[in-house]
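Tertiary structure, described
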Amino acid sequence: MALETRPKFVGVLSCSGEEEPEGTIARNAVRLVMEKYRPGITVSLCLPLYLAGDSGEQEFAKRVPVIAVDGCEKACARLSTEKYSGEVSDAIDIRALLRQWGVEDELSRSHPRELEWELAERVAREIVRIIDRYIEEGKVAATNTR
Amino acid sequence: MKGKSRGKVILPCNGLDKEAGTLAREMALKLAEEGAELVCPVLFQRNPARYKKELGTGELLVIDGCKTGCASKLAKDKGLKIAGRLNVTEMLKEMGIRGGKKPVPDPEHLSRLLAALGGPGEEEAEGAEEVPSGLFTAHVEMNEFMEGKFFFKVPKAGYFFNENDCWARVEGTRARLGVSDYVQQSASDMVFFEPPEIGKELEQFDDAGSLESTKTALDIISPVSGKVVAVNGELVDAPELINQDPYISAWAVEVEMADFEGDRELLMDCEAYLAYLKEKVRKENQERFG
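Since the model is a prediction, treat every value here as computed from it, not as a measurement.

Our next topic: the overall build of chain B. Looking only at helices and strands, chain B features 11 helices and 16 strands. Taken across its 290 residues, chain B has 47% of its residues classed as buried. When contacts within chain B are restricted to residue pairs at least 6 apart in sequence, long-range pairs at least 24 apart make up 68% of them.

Encoded structure:
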């Protein structure tokens, strides 16, 4: 039997989401993927810890495919990954997605309502689509999906 | 409750790993509703100047999620004075609560933490003073040329350029530094400007701050030597100014020059840069399109 050498996880690095409502959507979308849609295979990377120079987080990001989920075009998550661990496998810019979806409503940063959660769900499904593609392409070993 | 936390600046850990990190963020958001200013630890790490105004006027409360203390480390690394410090994991422990391993905030935990929240101390954060000179108000006339589908502007006089496409606008012993129209068009939308420290001594061709666009990251290579006496706060807040007005309002730093006559030997005046740029763009187009 061949030894499985492919990564078992997908790393998801969310923007910290302090400045803009899109950041809150990013955090909640990542939580939904971890808790609801693809638990087991999804591991969130802690961006402040990552930036504080934690070698564990940075090394982990080098060994697994990383999806950067950014709230806005500042792309803190993507640019940070690129700086410390190399290219991201995929990147999501929520503000760009909202534009694409025609969302023009004023969003709340601190009190997610039905709309913000609905948007987080939609973003989560985008992340799931990417994770499923990795599994399909054999980029990750899907031995720990639940 | 509005205004209760006015004058406070909150730097939370914002972790998305365990419950403690998400609680730190939730606490920070509550304090923001009461008037406190929030500092995003990630954005602050990447672009400290973004929060210079807030950190220069308010008392800083740091909220760490766990023992790693990322927010405290960040504050220390950046030389901030911490007026108060909280650690969510330790606070929960004192309450006999063990924080969750998942990044899901428990509302009961949050309300107990908020109830226990004490006021920070009295020390004030320090911020460097910006000293813009009041010079550089004269109208700037531009030369323009077109190459392929691109349209470039270069000032007619008063500016000196290096081959890195950075300029120095010189008046007396002062110079303002920035990047050319060519840079902004090549780099596309600017999203970050990180200035150097005020007081930094620059040699000619030293980095005088850094820029990030949606396409690339680059340093501003100083055409002149001297001491940084001011940075452009408007550019810190709105790096896109470079795309809108690269030669005038998008100056990056102001320098008290040390040896302009010496530095000038390695620089191009406006006319020379215009010729240099035309040739450079022509060659690039030739390589790209044949």
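Here we take up the overall build of chain A. Regarding its fold elements, chain A presents six helices and four strands. Each helix (α) and strand (β) of chain A, taken in turn from the N terminus, gives the series β-α-β-α-α-β-α-β-α-α. Counting across all 146 residues of chain A, residues that qualify as buried make up 47%. A separation of at least 24 residues holds for 70% of the contacts in chain A among residues at least 6 apart in sequence.

This brings us to the interface of chain A and chain B. In this assembly, 21 residues from chain A lie in contact with 26 residues from chain B. Secondary-structure elements contributing two or more residues to the side of chain A that touches chain B are α1 (21-37), α2 (47-51) and α4 (76-84) of chain A. When its residues are assigned to classes, the side of chain A that touches chain B shows 10 nonpolar, four polar and seven charged.

Before going further, it helps to spend a moment on the pairing of strand β8 (residues 166-171) of chain B. Residue and element names in this part refer to chain B. Of all the six residues making up β8, five are buried; the element is thus mostly covered by neighbouring parts of the structure. When strand β7 (residues 159-161) meets β8, the two strands line up antiparallel, connected through three bridges. In the sheet register, Y159 faces β8, and the bridge partner there is R169. Adjacent in sequence and paired antiparallel, β7 and β8 are bridged by four residues, among which D165 carries a positive phi angle near 65 degrees. The loop that links β8 with its antiparallel partner strand β9 (residues 174-179) comprises two residues; one of these, G172, has a positive phi angle of about 60 degrees.

Take the sheet that holds strand β1 (residues 8-12) of chain B next. All names here are of chain B. Read across the sheet, four strands follow the order β2-β1-β3-β4 without closing on themselves; strand pairing throughout is parallel. Only two strands of the sheet have a single neighbouring strand rather than two, namely β2 (37-38) and β4 (84-87). Inspection of the sheet shows strand β3 (residues 59-64) paired to β4 by four bridges, in the parallel sense. Across the sheet, I63 pairs through a bridge with L86, a residue of β4. Against the sheet, helix α1 (residues 19-33) contacts β1, β2 and β3, and its axis sits at roughly 165 degrees relative to β1.

As a further point, take the pairing of β3(B). All names here are of chain B. The buried count for β3 comes to six of six residues, which makes it a mostly enclosed element. Here β1 runs beside β3; their pairing, made up of five bridges, is parallel. Among the inter-strand pairings, P12 is bridged to a residue of β3, identified as I63. Tracing the backbone out of β3, into helix α4 (residues 70-77) and back to the parallel element β4 gives a crossover that is right-handed.

Moving on, we get to the sheet that holds strand β12 (residues 207-213) of chain B. Residue and element names in this part refer to chain B. Spatially, three strands are ordered β10-β12-β13 in an open sheet, and the strand pairing comes out antiparallel. Two strands close off the open sheet at either side, each with one partner strand: β10 (190-194) and β13 (217-221). The sheet shows a mean angle of 25 degrees between the axes of neighbouring strands, direction not considered. The sheet contact formed by β12 and β13 spans four bridges and is antiparallel. Of the residues in β13, the one forming a bridge with E212 is A217.

Because each turn of an α-helix spans 3.6 residues, side chains separated by three or four positions in sequence point in the same direction. For α4(B), the set of buried residues is B:C70, B:A71, B:S72, B:L74 and B:A75. Structurally, α4(B) contributes buried residues whose contacts are with α2 of chain A together with β1, α2 (41-46), β3 and β4 of chain B. Once α4(B) finishes, B:G79 follows within two positions and takes phi at roughly 70 degrees, a positive value.

Quick look at unusual backbone geometry now. Even without a glycine there, the phi angle at A:A75 is positive, about 50 degrees. Here A:A75 lies in the loop between β3 (66-70) and α4. A positive phi angle is found at B:S188, which is not glycine, with a value near 75 degrees. Note that B:S188 resides in the loop between α7 (181-187) and β10. Overall, the presence of 12 C-beta atoms within 10 Å leaves B:S188 in the exposed class.

Okay, the nonpolar core next. Membership of the largest hydrophobic core comes to 76 residues, with the highest contact counts inside it found for A:A29, A:V69, A:I127, B:I10 and B:I63. Residues within four places of A:A29 in sequence aside, it is in contact with A:V69, A:A120, A:V123, A:A124 and A:I127. Within the second largest apolar cluster, 43 residues are counted, among which are B:I220, B:A230, B:A252 and B:Y273.

With that settled, consider the packing of α1(A) against helix α6 (residues 114-137) of chain A. Residues and elements named next belong to chain A. Between α1 and α6, the least distance of the axes is 8 Å, while the angle of their chain directions is 60 degrees. Looking at the two axes, α1 sits oblique to α6. Between α1 and α6 lies a crossing whose hand is right-handed. From α1, P21, T24, I25, N28, A29, L32, V33 and Y37 reach across to α6, where they touch E116, W117, L119, A120, E121, V123, A124, I127 and V128. Class assignment for the residues of the contact of α1 with α6 results in 13 nonpolar, two polar and two charged.

In this section: the confidence of the model for chain A. Confidence along chain A averages 87 in pLDDT terms, with 95% of residues attaining 70 or more. Mean pLDDT across the secondary structure elements of chain A bottoms out at α2(A), with 81, and peaks at strand β4 (residues 90-93) of chain A, with 96.

Moving on, we get to the environment of B:N164. Residues and elements named next belong to chain B. As for its placement among the helices and strands, N164 is situated in the loop between β7 and β8. According to the C-beta neighbour criterion, N164 is partly exposed, with 16 such atoms within 10 Å. Separated by 56 residues in sequence, N164 and I220 place their C-alpha atoms 8.3 Å apart.

Parameters at a glance
- Throughout, residues of each chain are indexed from 1 in the direction in which the sequence is written.
- All chains are assigned letters beginning with A, and all ligands numbers beginning with 1, in the order in which they are written.
- A pLDDT threshold of at least 70 governs which residues receive local features in this predicted model, and a stricter bar of 80 or more applies before side-chain atom pairs are shown or counted, although totals over entire chains, interfaces and linings include all residues.
- Helix and strand assignments follow DSSP, with helices taken as H or I runs no shorter than four residues and strands as E runs no shorter than two, numbered in order from the N terminus.
- With C-beta atoms placed from the backbone, a residue counts as buried when 20 or more other C-beta atoms lie within 10 Å of its own, as exposed when 12 or fewer do, and as partly exposed for counts between those limits.
- Note that contacts rest on C-beta atoms placed from the backbone: two residues are in contact if these are within 7 Å.
- The nonpolar class holds Ala, Val, Leu, Ile, Met, Phe, Trp, Tyr, Cys and Pro. Asp, Glu, Lys and Arg form the charged class, and all remaining residues, Gly among them, are polar.
- A pair of strands counts as paired when DSSP detects no fewer than two bridges linking them.
- Interaxial angles span 0 to 180 degrees and are taken between N-to-C directions of axes, which are lines fitted to C-alpha atoms, for helices over the stretch in contact.
- Crossovers are marked right-handed if the path from the first strand over the helix to the second runs clockwise, as seen with the strands pointing away from the viewer.
- The nonpolar core criterion groups buried Ala, Val, Leu, Ile, Met, Phe, Trp, Tyr and Cys residues into a set whenever they are joined through C-beta atoms within 7 Å.
- Note on terminology: angles under 35 degrees are roughly parallel, angles over 145 are roughly antiparallel, angles of 65 to 115 are roughly perpendicular, and the others are oblique.
- Left-handed describes a crossing whose near helix is turned anticlockwise from the far helix through less than a right angle; right-handed describes the clockwise counterpart.
- pLDDT expresses how confident the predictor is about each individual residue, on a scale running from 0 to 100.

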